[in-house]
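# Structural description and commentary
Chain residues, written in single-letter form:
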Amino acid sequence: MATFSHSRLSSYETCPLRYKFAYIDRVKVEAEDTVETFLGSRAHEALEKLYRNLQFERLLSVDEVLAFFNREWEKNWNEAIIIVNKEYTAENYRKMGERYLKDYYKRHKPFDKGKILGLETTNTLPLDKEGKYGFYIRIDRLMDMGEGVYEVHDYKTNMSLPKQEDLDKDRQLAMYSLWVREQFQDFKKVRLVWHFLAFDKEMESFRTKKQLEDLRKDVLDEIQEIEATEKFPANVTRLCFWCLYRGMCPEWKHEVELEDKPENEYLQDPGVKLVDEYVKTKNELENHKRDAEAKLEKLKDALIAFCEKEEVSVVFGSENKISVKPYESVKFPPRNSEERETLVMLLKDIGKLNEVSDLDIHALSGVLKNRKWEKHDIERLSEFGIRETKHRLSISKHEKQVFGPPYDGPSS
Ligand code: SF4
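Residues numbered from 1 in each chain as written. Predicted model: local features only at pLDDT ≥ 70, side-chain atom pairs only at ≥ 80, totals over all residues. Heavy atoms only, no water.

Here five strands make up an open sheet; going across it, the order is β2-β5-β6-β7-β8 and the pairing mixed. The sheet is open, and its two borders are formed by β2 (115-119) and β8 (201-205), each paired with just one other strand. With direction set aside, neighbouring strand axes in the sheet form an average angle of 25 degrees. Where β2 and strand β5 (residues 141-146) come together, four bridges link them in antiparallel fashion. Following the sheet pairing, Leu119 is matched in β5 by Arg141. Taken strand by strand, helix α3 (residues 35-55) contacts β2, β5 and β6 (149-156), and its axis lies near 135 degrees from that of β2. (Pairing = 2+ DSSP bridges. Helix = DSSP H or I, 4+ residues; strand = E, 2+ residues; numbered from the N terminus. Axes fitted to C-alpha atoms, helices over the stretch in contact; angles between N-to-C directions. Contact = heavy atoms within 4.5 Å.)

Glancing now at the pairing of β8. Of the strand pairs in this sheet, strand β7 (residues 189-196) and β8 are connected by five bridges, and their pairing is antiparallel. Within the sheet, the bridge partner assigned to Trp194 lies in β8 and is Met203. Turn length for the β7-β8 hairpin, with the two strands adjacent in sequence and antiparallel, is four residues, and the turn residue Asp200 shows positive phi of about 50 degrees.

Per the stated rule, a full pass over the model turns up 16 aromatic pairs. Note on Phe4 and Tyr133: the rings are 6.5 Å apart at their centroids and 70 degrees apart in plane angle, and the pair reads as edge-to-face. Pair noted here: Phe4 is in strand β1 (residues 2-4) and Tyr133 is in strand β4 (residues 133-137), with a separation of 129 residues, a long-range link. Here Phe4 falls in the buried class, since its relative accessible area comes to 0%. Judged by its relative accessible area of 6%, Tyr133 falls in the buried class. (Phe/Tyr/Trp six-rings, centres within 6.5 Å; stacked < 30°, edge-to-face > 60°. Buried < 20%, exposed > 50% of the residue type's maximum accessible area, 1.4 Å probe, protein only.)

This part covers the side chain of Thr157. Looking at the secondary structure, you find Thr157 in the loop between β6 and α6 (164-168). Contacts of Thr157, omitting those with residues within four sequence positions, involve Glu36, Gly40, Ala43, Tyr100 and Leu197.

Before going further, it helps to spend a moment on helix α15 (residues 375-382). Buried residues of α15: Asp377, Ile378 and Leu381, and no others. Each buried residue of α15 sits inside an arc of 100 degrees when the element is viewed along its axis, so together they form one side. Residues of α15 that are exposed and point over 90 degrees away from its buried face: Lys375 and His376. On the buried face of α15, the contacting elements are α12 (338-349) and α14 (361-370). (Arc of directions from axis to C-beta.)

Examined at the domain level, the protein chain breaks down into domain 1 (2-242) and domain 2 (313-397). Taking only C-alpha atoms into account, the centre of domain 1 sits 68 Å from that of domain 2. (Domains from an automatic or database assignment.)

With that settled, the discussion passes to the pattern of salt bridges. For the structure shown, the criterion picks out 25 salt bridges. Note that Glu255 and Arg246 form a salt bridge whose closest N and O atoms lie 2.6 Å from each other. A single network of salt bridges, built from pairs that share partners, joins Glu13, Arg171 and Glu222. (Salt bridge = Lys/Arg side-chain N within 4 Å of Asp/Glu carboxyl O.)

Taken in spatial order, the three strands make up an open sheet running β1-β4-β3, and their pairing is mixed. Lying at the two open borders of the sheet, with one neighbouring strand each, are β1 and β3 (123-126). Across the sheet, the mean angle from the axis of one strand to that of its neighbour is 40 degrees, orientation sign disregarded. Bridge count for β1 against β4 is three bridges, and the pairing is parallel. Bridge pairing in β4 places Ala2 opposite Tyr133. Each of β1, β3 and β4 is contacted by helix α8 (residues 209-228), which is oriented at about 115 degrees to β4, the strand it contacts most.

Below, the structure is given as structure tokens:
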């Protein structure tokens, strides 16, 4: 049976390429912990310890729970653990963990609600009749609350709280509740409970039988889609900073290679040089373009002025000539102006709005230019059109003339 976990599916959903590295190519990378996952593991262990003792009728004091947490922290901490946010130290995170546990303990003491059925359980939920696919079930704490009511508890050390609607759509615990439903004959209801330790907050959700059956089908469809796909594109998000495969990912590999180089060597890297040169050239091109456009505008004005002064309409250069022809253009009041509203009223008044409403201002100019309407209507419309003279410049090659003697008939 091919078993898929929630994190395996999430891995595909967040980045198919990461999924390929982890689950298809099974690339072995030194599993570097981030401080966030390290803190999460230590908090889970401490709560597991608390509830394991309760199974043996022993209630640990909060100090004992904290002592266990700190012992495990010291024992497992190593310098390779990554702290992405450099503003904080390991000590900050350790103290956060202590606070999470103290708050949790205070809120739930004396821990006498329900019977513990399982801690950090490991099971598989079959997804199809053929037994080809299964879903990995790992419940932080499974509780029997009596009368067919069960609770699936999950501890979270996230630094942000989800919205209730996100939890109502959460796949992980819903799949766990599907397993619980199939596990116990007296089953009536399963409550999904998340403990957001950083906020000392508990959030709940619940699924109907129909929702769970739909979910089972969706999960199976997704697994079959993953099994069938041959494309695993990279999906760059902020999660990349926590990705163990950055060093081999085409989106980041070059940056990772540069990270270890000293500055003088870094600047000699051919990739760095190419990018710097490309950006510099592109900026130069854009600056040139801007300058050239400004220069062209000035030359255009100068040509118009030249034509007016010299009373010519074509100006000759060494290889090209430029004809400068005035043409009429009509400008109407812009959108959202008072004049525009008055113009619309007028068009309505004369029953012509439909004729131009799906046309643009150029069409309206066309009406004036071609004088297609009744004379009276054209006159009223003309009041809104501001006439101005513009110049259109066109460039073409001119052939040089070779001036010889006047033609006087065929030679004999
Ligand atoms: S670094 Fe980002 S884009 Fe690359 S594999 Fe990891 S998650 Fe995907």
